[in-house]
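Architecture at a glance
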Amino acid sequence: MSYSVNISVEAPIENQIQEITYDGTEIYQPPLTLSESLAKFAQKIDFSKTGEVDIKKESGDLIDDNKSDSDSKDAFQSSLWPWDSARNKLRNAFQEVCVLADVLAIAKDKRYMVLDPVPQDPIETKPMVQIYARKKALAGAASVLLTGAERLKTSQNEAARNRAVPDFHIELLRLRQNWRLKKVSNTIIGDLSYRTAGSKFTQTGTFEVTKAEDDEKTNSPPSSPVPGGATPSKTNSALRVSIPSELQGVAYIEVLCQKDQEDLCSVNVNLLGSGPPASNPDMHWQQKLEAAQNVLFCKELFNQLAKEAVQLQAPIPHMVVGNQIMATVFPGIQLIIGLCHSTTGDKKPANAATSKTDHDHVLEHSLHQLLREVHHRNTHHPFPHPATGPLGPSKKRMLAGPMAADRYELLEMTKSETLLEQIIKQAQHFFMRLRTEYVLDTIAKEVKDPLISSHWNTLNSPTQSCVKINISTHGYDALCRTPLVIHVGEKSLKCICRDGKVMHMSYEPQELRDLIFCHINQHQILAVQALAKTMGWQFLANSNHLGTGAVEPLGNASSCLLASPTGDRIIAVRCEPQSGIQVSVAHSPRSDFFPSRLVTERKWEHLGGQFRDVRLEKMEGRNFLHKMELLMASLTSSS
């Protein structure tokens, strides 16, 4: 019994061996890819054969050699090459291209053949037909534009309708971008406190977010229509924010500096700014949350200040009464800090009589910044060095061990100023700066000769400022100038004089006034000496603390002696802080010299006569130096 079995003949899987190494490893030749196989078969094409006769002859010879005449037809059909039809088509196309190239070459020379266009009958054009066609085309374009305009109007109306009715989820997304929210069971709870910024205030700032439609259905009755068809303007919002009653309204910190029950300055710290009342139910949720956060911030600030006022031990104890804190800045000057919280939306109570002109933005910013710095220190701790050290101590305390710091230095490192102390120091510096400005302005108004100019430094700290004073005479600025630098501190003044001396003064303005007048007298003496050098006069003597004459109630008198180039004239100048300037002139030789029994020689008459006072108020001149210049010029002899 025989069974038919299908036998498949396939090419061997193994490839040809390309190389055998010395250790017996056989390296096979990689198989050809499809592109390589195609290129191999294409190389076998013989384009020299011009027709099918050669192919038939070649195939016939092969058939005669191997097979009989009966099988010649089948062998010839099987020996045809698969790419034969493609080769024939390419060859025919090549012949046509060659013929086209020859025709173009002959037509280009225009000697053997010329190409003429074939005449065609002209098309008859009718004007009315063209007009109707253009009219129809314009009508179609107009209809397209009108259709597009209608679609745009429809889309705008839909967008306006969608804006009029905002989406709850979109509003909730905007709320979540600025405020912290979380979902507790079926309610959405938010937090507006500063705990994430470093605040440790115990009062919570939670609020609840609900949908506006639910509130209108459950709480508010249907509104009656307004006569006349006018509807009240209302802020449309898809959500409502419920804030606790203790955080509703407007709050601000009021700082008053009083002297003998008189308001000297008024500072209102209002972080919210102007806006509608907080009790308005139609207020937008963003404004409502900002107002509530401002109330929470003001309460935290006042709570911290009140706690520090009770704990601090001041020479004059601080007082905390209700919502007011009273602290003594200087004798007779008090600093009053109060918390004003209004639920009706009024910025200030009716009895507040402080004016807007007394508003000090520097103290307002300082109060705002002090609490922000506390929040920043609570969240930003210095990194330990090395990294394995404890977290919390400052860099100075970490270096206390290697630097062998003693107990006093360690105690100084642990000390820190409270908010109330910093505010009091800034208020003290504020008063010191006001007093210094007042003294300098009054002296500049009183004293016209010399001129006093003050230049305040723009880069100052809240407790330190600097002013440079220049004392000069008009018209003689390049001749002599007396500079003076005053550092205004918290309770004292430091003056750096022209010669480098440093003088410390208290907060009394009279001390600064006396110092300025003393420097004015010194400037006049130095300016006269510099003028004498330019005029050719000789400088004989100078004394900044003259011991002769009446005792001055303020400072000491200063004087100088000047001699003319020939020595026949002597000018004595005396400057007193209270009396002013006195100028005397002496002549040589003396006109009243008479020989006597004791003094018989005439040479003693050159010692000079008695000094005669010069009435400066009767002389011509813009100022003191101008009068002295005219006096020196008139007393200078030509011989």
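As the structure is a prediction and not an experimental result, all values here were calculated from the model.

**Let's talk about the environment of F611**
Within the secondary structure, F611 sits in the loop between β20 (580-587) and β21 (612-614). Take F611: its relative accessible area is 43%, and that puts it in the partly exposed class. Put simply, F611 and S584 are 27 residues apart on the chain and 5.4 Å apart in space, counted from C-alpha to C-alpha. Those residues in contact with F611 that lie beyond four places of it in its chain are I570, A572, S584, V585 and A586.

**So, the sheet that holds strand β14 (residues 481-488)**
Strand order in this open sheet of five strands is β12-β13-β14-β15-β16, and the pairing throughout is antiparallel. Looking at the sheet topology across the chains shown, the edges are occupied by β12 (451-456) and β16 (502-505). The mean angle between the axes of side-by-side strands here comes to 20°, regardless of whether they run parallel or antiparallel. Pairing between β12 and strand β13 (residues 465-472): six bridges, direction antiparallel. Within β13, the position partnered with S453 by the bridge is N470. Sitting on the sheet, helix α12 (residues 419-446) is in contact with β12, β13, β14 and β15 (493-496), with an inclination near 155° to β12. Packed on one face of the sheet, helix α13 (residues 509-535) meets β12, β13, β14, β15 and β16 and runs near 165° to β14.

**Remarks on the confidence of the model for the chain**
Considering every residue of the chain, the mean pLDDT works out to 80; 78% of them sit at 70 or more. The low-confidence segment residues 270-278 (pLDDT under 50) makes 24 contacts with residues lying over four places distant or belonging to another chain. Taken as a whole, residues 349-357 scores under 50 in pLDDT and shows six contacts with residues more than four places along the chain or in a different chain.

**Brief notes about the packing of aromatic side chains**
Tallying each qualifying case throughout the model produces three aromatic pairs. Note on F430 and F431: the rings are 5.8 Å apart at their centroids and 75° apart in plane angle, and the pair reads as edge-to-face. A residue is classified by how much of its surface remains accessible, and F430, at 11% relative accessible area, is buried. For F431, a relative accessible area of 4% corresponds to the buried category. Just above the ring of F330 sits the side chain of R435; from NZ or CZ to the centre is 5.3 Å.

**A look at the pattern of salt bridges**
Counted under the stated rule, the structure contains ten salt bridges. The partner of R513 in a salt bridge is E446, with the nearest N and O atoms 2.6 Å apart. Taken as a pair, R513 in helix α13 and E446 in helix α12 lie far apart in primary sequence, 67 residues in all. Owing to a relative accessible area of 21%, R513 belongs among the partly exposed residues under this scheme. Since its relative accessible area comes to 47%, E446 is described here as partly exposed.

Cut-off values and rules
- Residues numbered from 1 in each chain as written.
- Predicted model: local features only at pLDDT ≥ 70, side-chain atom pairs only at ≥ 80, totals over all residues.
- Heavy atoms only, no water.
- Helix = DSSP H or I, 4+ residues; strand = E, 2+ residues; numbered from the N terminus.
- Buried < 20%, exposed > 50% of the residue type's maximum accessible area, 1.4 Å probe, protein only.
- Contact = heavy atoms within 4.5 Å.
- Pairing = 2+ DSSP bridges.
- Axes fitted to C-alpha atoms, helices over the stretch in contact; angles between N-to-C directions.
- pLDDT = per-residue confidence, 0-100.
- Phe/Tyr/Trp six-rings, centres within 6.5 Å; stacked < 30°, edge-to-face > 60°.
- Lys NZ or Arg CZ within 6 Å of the ring centre and 35° of its normal.
- Salt bridge = Lys/Arg side-chain N within 4 Å of Asp/Glu carboxyl O.

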